[in-house]
Amino acid sequence: MQNREPFNDFRYTSGYPEGELRHIRLSGRPTFDSAGNFKGYRGVINNETDEVIAREKANLIQQSLFDSLDEIKAGVVLYDEDTRFVSSNNYYRSTRAAVAEYLVPGTPMEEILQAIAEKKVIKQSIGRTADWLAEKYKEVRADSFSGEYQTMDARWFRYYKLALKDGGLLTFHLDISEIKHREEEYLAAKNEAETANRAKSNFLSSMSHELRTPMNAVLGFAQMLKFSKKEPLTETQSQYVKNILLSGDYLLNLIEDVLELNQIEVGQLSLSLGPVPAKKVIEECLSQVKLRADENSIRLIDQTEEEDLPVLWTDQTRLKQVILNLLANAVKYNRKGGSVTIGCEQNTNGA
């Protein structure tokens, strides 16, 4: 700021007497008068407290999720080369209490799986026993496999199958119920952060609309003063009005950019498709840049013919925005006394 330079997204934390901390994001642009004297900063201040708190909460939950991996319990099961049950640890047996009678050495895996499906131990097997069993048999033939399932007591497990060199099969069943619950909390916190972000976006949208209305009025009155034939302005007054128009146009463009970017961010930028006479849009765009072109003695040359321009099926506002931006840039970066030509042609695809 001492160097009178613009800055973007400067973040800081501010304390208040009641002990509340607020997280602020600040952007600013220096302003100068016509003589180049520094007048101050114009900018936007955003209160990001809700968003920051929600994000910090989400990060804490995520970190807690990772820390919980150290204490995860696991069931381990061993099958021989003929996929017959060999042994398991007590934790696995506790998760298969309904089929404990089958967990004895020599029981084929098929019988154990069939019993699990019939006694509805695993939710994913309910209502689709044949398909579920087919999936399990396919997994057995793979050298390695992993997946997730939920038991009827609402616990979640991630399991890993690993083929051993002697032809046996080893499976691990990790209880990830706590992780699942924390994921839900994390998603809730993430949604909370997104809600805060949407609130910010809605504020920007509202602010942009509120600023645009009075700014259009300012520009309108300035144009009336400039082109008044009954009460012509003095040279000094004319210069002041010119500065108002230039600054107002600049600010209005900034407002429009903020509004459009905000609409894109929240997914609200939509297209309104319909028949659009291209020639009419071009003429409107040329009329809008004519004033600036005349100020710099720039000729606008329209080489489009109405009979060559079909009615387009498009969004008229977006089409006009594209053409107007091209013309405005062509005028803005042209030399004094130059020219801008607009034309059209039909390509080989008929477009």
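Residues numbered from 1 in each chain as written. Predicted model: local features only at pLDDT ≥ 70, side-chain atom pairs only at ≥ 80, totals over all residues. Heavy atoms only, no water.

Q: Tell me about the environment of I282, residues and numbers included.
A: Inspection of the secondary structure assignment puts I282 in helix α7 (residues 278-295). Judged by its relative accessible area of 6%, I282 is buried. C-alpha separation for the pair I282 and D302, spaced 20 residues apart in sequence, amounts to 8.7 Å. With sequence-adjacent residues up to four places away left out, I282 is seen in contact with D302, T304, L309, I323 and I342. (Helix = DSSP H or I, 4+ residues; strand = E, 2+ residues; numbered from the N terminus. Buried < 20%, exposed > 50% of the residue type's maximum accessible area, 1.4 Å probe, protein only. Contact = heavy atoms within 4.5 Å.)

Q: Run through helix α4 (residues 129-141), naming residues and quoting values.
A: Taking 1.5 Å of rise per residue, the 13 residues of α4 would be expected to cover 18 Å, and the 19 Å separating its terminal C-alpha atoms lies within 8% of that figure. Among all positions of α4, only W132, L133, K136 and E139 are buried. Down the axis of α4, the buried set is contained in an arc of 120 degrees. They therefore lie on one face. Among the exposed residues of α4, those oriented more than 90 degrees off its buried face are A130, K138 and R141. In the core, the buried residues of α4 are packed alongside α3 (109-118), β6 (144-150) and β7 (156-163). (Expected span 1.5 Å × (residues − 1). Arc of directions from axis to C-beta.)

Q: Give a detailed account of the pattern of salt bridges, specifying residues and quantitative values.
A: The tally for this structure, following the rule as stated, stands at 14 salt bridges. Across the pair E48 and R25 runs a salt bridge, and its minimum N-O distance is 2.5 Å. Taken together, the residues span a long stretch of sequence, with E48 in the loop between β3 (38-47) and α1 (49-67) and R25 in strand β2 (residues 21-32) at a distance of 23 residues. This pair shows no difference in class: E48 is buried, exactly as R25 is. Across the pair K290 and D294 runs a salt bridge, and its minimum N-O distance is 2.8 Å. Taken together, the positions of K290 and D294, both in helix α7 and four residues apart, correspond to about one turn of that helix. Each of the salt bridges in this network shares a partner with another, and the network as a whole consists of D9, R11, R25 and E48. (Salt bridge = Lys/Arg side-chain N within 4 Å of Asp/Glu carboxyl O.)

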